[in-house]
Amino acid sequence: MRNPLPPVPGKLLELEVSDDLRRGTPLATLIAAPSEEDGDAGLAEIGGVRPTGKAGDVQTVPTGAVRWLAGVGDGEPKQYRKAGAALVRAVSSTLEEDVKAGEKAFRAFAVELPEDAGTEHVEELAFGLLLGGYRFTVTAEEPKPTLRTVRLITRHEVDLDRVRELAAAAAFARDLANTPSNVKTPAWLADTAARVAGGIPNLTVTARDEKWLAEQGFGGVLAVGGGSAAPPRLIELEYRPRGATTHLLLVGKGITFDTGGLSIKPADGMHLMRTDMAGGAAIIAAVRAIAALRLPVKVTGLVPAAENHVSGSSYRPGDIVRHYGGKTTEVGNTDAEGRMVLADALVYGIKKHKPDAVIDAATLTGAMKVSLGVRTGGVFATEDALADRITKAGERVGEAWWRMPLLEDLAETVQGSLGDVRQAPGGPGGIVAALFLREFVGDVPWAHLDIAGPARADKTYADVVPGATGFAARTLVELVASYA
């Protein structure tokens, strides 16, 4: 987009499923890699090009009816996602080159699937096509020519509504997290959430301002947001379908920019802190998609949004903060701000809505990047069944999760001396942060998703491009669907 205006969720490439090729439409063909037994057999030249079949390898064909060859490797469904993402990037590049050369721009292309490709393969290919060409730019230049439609040539009848909404949720979460923080104040985030919910049945959004937060005693949110000229907000999304019997509470960290506060971050990498609300972005995008899909599950989404800035009114190490509900926290590090705002929202959401289960998502700790790298999210949970449900939901939508322990021998480290709990007691960062949050959830089944690693990417892989990834949005939609 040319300007950082509120994004439009769901504005994606259109997909069609057909068993024939429209005349004049450029064509791509998917090619599987040969097995060890086959060697190069079966990989005949096409238009003078011998395909490799390697997953994600896209080759341009200079002559003939087929213009691109895209490898799907061993033919596993996940390889189709990789192929679709690489293909849409290659086709978009060809489109730009054609326009530069003065040729007529094509706005659609077709993909011919192998005969043995099933419904799951088609869905995975669709994910790659929809998300692989994602872009976010703020520029004075005229928009580049873009693709509009892809026709999938297959004999399978596939309902792409679910795939489209899941992809739209990921793209919308990326848009929110990528938006620069001079635009993305807590108020902007709240207004955007309300705007995109408009017209969706049974979905309402309420934004609570700093005056309401003070009246209700949201000490954690007010402390973190106190150093900024842009005041904090609590964004409350409520999806209430008729007849729903299960109620899930989703809570997301919404730090619209994080300097670290008085415990200031190093300059290197601070510019990436516009994505420190990726957990909140995933919640907003997921709840919208859940409502758009009309899933028969009651869902409440809470995003405590604040900017962690540096000024004379910033909160300090050594402060005692009183959270919503009365529990107090000893502040040890103002850069551990995410757990401060989540604590308020967790207690408020559980007390007000009495959910059957609670899941929070946050770019909470750098320690998780050390533990699990940058492509896997950490799951902390008080119940095995909930942890298993989350990891399986992630598997179905292509997001990787790993169960992490809530080590009881570390639980006493978060107990305070001046206050009830300590915010940054030292020790294994991801675990003690989760143990801190557990102090605010009581007996309700709860899972904490630490997405500090996979929420951002610095290079292209599968359907991900550099910048915000939208990680967790698809998992949360699929998780709610599992309760239906």
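How each quantity is defined
- Residues numbered from 1 in each chain as written.
- Predicted model: local features only at pLDDT ≥ 70, side-chain atom pairs only at ≥ 80, totals over all residues.
- Heavy atoms only, no water.
- Pairing = 2+ DSSP bridges.
- Helix = DSSP H or I, 4+ residues; strand = E, 2+ residues; numbered from the N terminus.
- Axes fitted to C-alpha atoms, helices over the stretch in contact; angles between N-to-C directions.
- Patch = residues over 30% accessible without salt bridge, like charges linked within 9 Å, V, L, I, M, F, W, Y side chains within 5 Å.
- Areas by Shrake-Rupley, 256 points an atom, 1.4 Å probe, with all protein chains shown as cover.
- Salt bridge = Lys/Arg side-chain N within 4 Å of Asp/Glu carboxyl O.
- Lys, Arg positive; Asp, Glu negative; His and termini not counted.
- Charge placed at Lys NZ, Arg CZ, Asp CG, Glu CD.
- Buried < 20%, exposed > 50% of the residue type's maximum accessible area, 1.4 Å probe, protein only.
- Contact = heavy atoms within 4.5 Å.
- Phe/Tyr/Trp six-rings, centres within 6.5 Å; stacked < 30°, edge-to-face > 60°.
- pLDDT = per-residue confidence, 0-100.

Draft legend 1. Inspection of the sheet that holds strand E4 (residues 66-71) at higher detail. Taken in spatial order, the six strands make up an open sheet running E1-E6-E5-E2-E4-E3, and their pairing is mixed. Looking at strand neighbours, the two that pair on one side only are strand E1 (14-18) and strand E3 (58-60), the edges of this open sheet. If you compare each strand with its neighbour and ignore which way they point, the axes differ by 25° on average. Direction of pairing for E3 relative to E4: antiparallel, over a ladder of three bridges. Residue Gln59 lies in a different strand from E4, and its bridge partner there is Leu69.

Draft legend 2. Here's a closer look at a positive patch on the surface. A cluster of basic residues, Lys54, Lys82, Arg375 and Lys459, forms a positive patch at the surface. For Lys82, the position within the fold is in helix H1 (residues 77-100).

Draft legend 3. Broad picture of the sheet that holds strand E13 (residues 328-330). The three strands are arranged E12-E13-E17 in an open sheet whose pairing can be described as mixed. With one partner strand each, in any of the chains shown, strand E12 (320-322) and strand E17 (421-422) form the two edges of the open sheet.

Draft legend 4. View of a nonpolar patch on the surface. Side chains of Leu262, Ile264 and Val310 sit close together on the surface and give an oily, nonpolar patch of about 250 Å² of accessible area. Considering the arrangement of structural elements, one finds Leu262 in the loop between strand E10 (254-258) and helix H7 (278-292).

Draft legend 5. Up close: the pairing of strand E8 (residues 233-239). For E8, the tally of buried residues reaches seven of seven residues, placing the bulk of the element in the interior. Here E8 shows a buried face lined by Arg233, Ile235, Leu237 and Tyr239 and a second buried face lined by Leu234, Glu236 and Glu238. As paired elements, strand E7 (residues 203-208) and E8 share six bridges and run antiparallel to each other. When the sheet's bridge partners are listed, Thr206 is paired in E8 with Glu236. The pairing of E8 with strand E11 (residues 298-308) spans seven bridges and is classified as antiparallel. Paired with Glu236 across the strands is Leu302, a residue of E11.

Draft legend 6. Highlighting the environment of Lys327. Mapped onto the elements, Lys327 comes out in the loop between E12 and E13. Its relative accessible area of 26% is what places Lys327 among the partly exposed residues. C-alpha separation for the pair Lys327 and Phe172, spaced 155 residues apart in sequence, amounts to 35 Å. Dropping the residues within four chain positions of it, Lys327 is found in contact with Val321, Arg322, Asp420, Val421, Glu439 and Phe440.

Draft legend 7. Structural context of the packing of aromatic side chains. Evaluated as defined, the whole model comprises nine aromatic pairs. Measuring from ring centre to ring centre gives 6.0 Å for Trp68 and Phe106, while their planes differ by 50°; the resulting arrangement is tilted. Of this pair, Trp68 sits in strand E4 while Phe106 sits in the loop between H1 and strand E5 (108-112), placing them 38 residues apart in sequence. Pair check on accessibility: Trp68 and Phe106 agree, each one buried. Relative to Phe440, the ring of Phe436 has its centre 5.2 Å away and its plane inclined at 50°; by these criteria the two rings are tilted. Exposure remark for Phe436: the relative accessible area of 0% places this residue in the buried category.

Draft legend 8. Focus on the environment of Gly430. Within the secondary structure, Gly430 sits in helix H11 (residues 429-438). Taking the relative accessible area as the measure of exposure, Gly430 reaches 4% and is therefore buried. For the pair Gly430 and Asp450, spaced 20 residues apart in sequence, the C-alpha to C-alpha distance is 7.7 Å. Discounting residues that sit within four places of it in the chain, Gly430 has contacts with Thr365, Ala367, Met368 and Phe380.

Draft legend 9. Structural detail: the pattern of salt bridges. Evaluated as defined, the whole model comprises 28 salt bridges. One salt bridge connects Arg81 with Glu124, and the closest N-O pair in it is separated by 2.8 Å. Highlighted residues: Arg81 in helix H1 and Glu124 in helix H2 (residues 119-132), separated in sequence by 43 residues. Arg81 gets classed as buried once you look at its relative accessible area, which sits at 5%. Given a relative accessible area of 9%, Glu124 falls into the buried group. Across the pair Arg162 and Glu123 runs a salt bridge whose closest N-O atoms are separated by 3.9 Å.

Draft legend 10. The arrangement of the confidence of the model for the chain in detail. Looking at the chain, the pLDDT average stands at 94 and 96% of residues meet or exceed 70. No element of the chain has a lower mean pLDDT than E1, which averages 91, and none a higher one than strand E18 (residues 446-450), which averages 99.

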